[in-house]
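What the coordinates show
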Amino acid sequence: MRRKISISIPLNDPSEYEGGELQFNAGGLLLTPDQEKGKALMFPSWMMHRVTPVTLGRRYSMVVWIHGPNWS
């Protein structure tokens, strides 16, 4: 797997939309960190995650991946 770290940066304020929560499955525990405009959320790319459906408004985000050599 070449993708090592994922970074998600919300580009608009969460008050501008409903839903669209970035969630992580950490060993069966569902984590939903606060999303703040411009605040980078970094996590291992292999960690199970999802974004819930946006039900009102528009959610904008920038996603960045950091790559590296394959694991040995």
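Residues numbered from 1 in each chain as written. Predicted model: local features only at pLDDT ≥ 70, side-chain atom pairs only at ≥ 80, totals over all residues. Heavy atoms only, no water.

**Some words on the side chain of Lys4**
What counts here: Each helix corresponds to a stretch of at least 4 residues labelled H or I by DSSP, and each strand to a stretch of at least 2 residues labelled E; elements are numbered beginning at the N terminus. Throughout, exposure labels follow a simple rule: accessible area from a 1.4 Å probe, protein chains only, divided by the maximum for the residue type, with under 20% read as buried, over 50% as exposed, and the rest as partly exposed. Here Asp and Glu are counted as negative and Lys and Arg as positive; His is not counted, and neither are the chain ends. Basic side-chain nitrogens of Lys or Arg form a salt bridge, by our definition, when they fall within 4 Å of a carboxyl oxygen of Asp or Glu. Any pair of residues with heavy atoms lying within 4.5 Å of one another is described as a contacting pair.
Relative to the helices and strands, Lys4 resides in strand β1 (residues 3-10). We note that Lys4 is buried and unpaired, the nearest opposite charge coming from Glu21 at a distance of 30 Å. Those residues within four positions of Lys4 in sequence are excluded, and the remaining contacts are Phe43, Pro44, Ser45, Trp46, Ile66, His67, Gly68, Pro69, Asn70 and Trp71.

**Concerning the sheet that holds strand β3 (residues 22-26)**
Condition: Here, a strand pair is defined by DSSP locating no fewer than two bridges between the strands. A fitted line through C-alpha atoms represents every axis, and for helices the fit uses only the stretch in contact; the resulting angles, taken between N-to-C directions, go from 0 to 180 degrees.
An order of β4-β3-β6 is seen for the 3 strands of this open sheet, with the pairing classed as antiparallel. Each end of this open sheet is capped by a strand with a single partner; those strands are β4 (29-31) and β6 (49-51). Neighbouring strand axes in the sheet, compared pairwise and without regard to direction, differ in orientation by 25° on average. Pairing of β3 with β6 involves 3 bridges; the strand directions are antiparallel. Counted as the bridge partner of Gln23 is Arg50 from β6.

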